[in-house]
Amino acid sequence: MSIQDNLLQIKQSLPAQVTLVAVSKTKPVSDLMQAYEAGQRIFGENKIQEMTEKYEQMPKDIEWHMIGHVQTNKVKFMAPFVSLIHGVDSLKLLEEINKQALKNNRIIDCLLQIHIAEEETKFGLNEAELIELLQSETFKNLHNIKVVGLMGMATFTESQSQIRKEFQHLKTIFDTFKIQNSSFKILSMGMSGDYQLAIECGSTMVRIGSSIFGGR
């Protein structure tokens, strides 16, 4: 199956309200262009340098999503063009994104990453930290960022019931905070292996790489 075929097959399987982020990390521009020619306009990268290089080479109607863990010292490189930053897990990082967005005269959309997995290695805020962040004076004074929702990654496990439980937990948090924050529109959860389950649990954005582009 070609990249185009894979992409069209996945798109046909997604409900209308679910946005597809094609995870293109480590893939060459030629692969991305095949997806672009098949109509894909949203690409997700996990390294800022790689994303910046691709941004420079590719058409300018693409939305670039930063889906990896972000180091504060690299934010300045993507601030001129990034559309959405998925993995924001600290106020310090939000402050840096705000600072660089201001320099570029932009408002940058962000998702706060919530830790839902059992693995300690996954980044993210817990519920108490999320409340603290959203209620802090510092956060309220950041005018060049907009938190538009939440993102989370389930435990890497064969257990569907555990993954479902984690996704449902994140959906509950999302629904709670959505009542207080009208800008909360995106719930980014689900990847190649578990995106159908994520959609069942209420995901509005899925991050799919290997099912489109093949294995790394």
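What you are looking at is a predicted structure, and each value in this text was computed from that prediction instead of being measured.

A.B. asks: For the pattern of salt bridges, give the residues involved together with the corresponding values.
C.D. replies: Counted according to the given criterion, the structure contains 6 salt bridges. Residue K54 pairs with E45 through a salt bridge whose shortest N-O separation is 2.8 Å. In this structure, the salt-bridge partner of D175 is K171, at a minimum N-O distance of 2.9 Å. Here the residue D175 and the residue K171 both occupy positions in helix α8 (residues 160-180), the gap between them amounting to 4 residues, near one helical turn. Residue K171 is classed as partly exposed on the basis of its relative accessible area of 24%.

A.B. asks: A description of helix α1 (residues 3-13) should follow, citing residues and the corresponding values.
C.D. replies: Taken residue by residue, α1 has I3, N6, L7 and I10 as its buried positions. The arc that holds every buried residue of α1, seen down its axis, measures 95°, which confines them to one face.

A.B. asks: Could you give an account of the pairing of strand β2 (residues 42-45), naming the residues involved and the relevant values?
C.D. replies: Neither face of β2 is left uncovered, since the one carrying I42 and G44 and the one carrying F43 and E45 both have all their residues buried. For strand β1 (residues 19-23) and β2, the ladder comprises 2 bridges, and the chain directions are parallel. Paired with A22 across the two strands is F43, which belongs to β2. By the bridge criterion, 4 bridges tie β2 to strand β3 (residues 63-66) in an arrangement that is parallel.

A.B. asks: Got a sec to walk through the packing of α1 against helix α2 (residues 29-37)? Specific residues and values, please.
C.D. replies: As a packed pair, α1 and α2 sit with axes 9 Å apart at the nearest point and diverge in direction by 50°. With respect to their mutual orientation, α1 and α2 come out oblique. Seen from above, α1 lies across α2 with right-handed handedness. Across from I3, Q4 and L7 in α1, the residues of α2 making contact are D31, Q34, A35 and E37.

A.B. asks: Which residues make up the packing of aromatic side chains, and what values go with them?
C.D. replies: If you walk through the whole model with that rule in mind, you get 3 aromatic pairs. With a centroid separation of 5.9 Å and an interplanar angle of 35°, the aromatic rings of F43 and W64 are classed as tilted. Placement of the pair is F43 in strand β2 and W64 in strand β3, with a sequence separation of 21 residues. With relative accessibility at 0%, the residue F43 sits in the buried group. Between F174 and F184, the aromatic rings sit 6.2 Å apart at their centres with planes inclined by 25°, giving stacked as the arrangement. A residue pair is termed long-range when its members are at least 10 positions apart, and F174 in helix α8 and F184 in the loop between α8 and β7 (186-188) qualify at 10 residues. With respect to class, F174 is no different from F184; both count as buried. Directly above the aromatic system of Y36 lies the positively charged group of R41, at a separation of 3.6 Å from the ring centroid. Between the NZ or CZ atom of K60 and the centre of the ring of Y55, over which it lies, the distance is 4.6 Å.

A.B. asks: Just give me the short version of the environment of E95, but keep the residues and values in it.
C.D. replies: Considering the arrangement of structural elements, one finds E95 in helix α5 (residues 91-103). Of the residues examined, E95 reaches a relative accessible area of 37% and is grouped as partly exposed. As a C-alpha pair, E95 and H143 span 48 residues in sequence and 10.0 Å in three-dimensional space. Not counting residues within four places of it along the chain, the set of residues in contact with E95 comprises T138 and L142.

Rules and cut-offs
- Residues numbered from 1 in each chain as written.
- Predicted model: local features only at pLDDT ≥ 70, side-chain atom pairs only at ≥ 80, totals over all residues.
- Heavy atoms only, no water.
- Salt bridge = Lys/Arg side-chain N within 4 Å of Asp/Glu carboxyl O.
- Helix = DSSP H or I, 4+ residues; strand = E, 2+ residues; numbered from the N terminus.
- Buried < 20%, exposed > 50% of the residue type's maximum accessible area, 1.4 Å probe, protein only.
- Arc of directions from axis to C-beta.
- Pairing = 2+ DSSP bridges.
- Axes fitted to C-alpha atoms, helices over the stretch in contact; angles between N-to-C directions.
- Parallel < 35°, antiparallel > 145°, perpendicular 65-115°, else oblique.
- Left-handed = near helix turned anticlockwise from the far one by under 90°.
- Contact = heavy atoms within 4.5 Å.
- Phe/Tyr/Trp six-rings, centres within 6.5 Å; stacked < 30°, edge-to-face > 60°.
- Lys NZ or Arg CZ within 6 Å of the ring centre and 35° of its normal.

Note that every value here comes from positions in space, so none of it alone points to a role or purpose.
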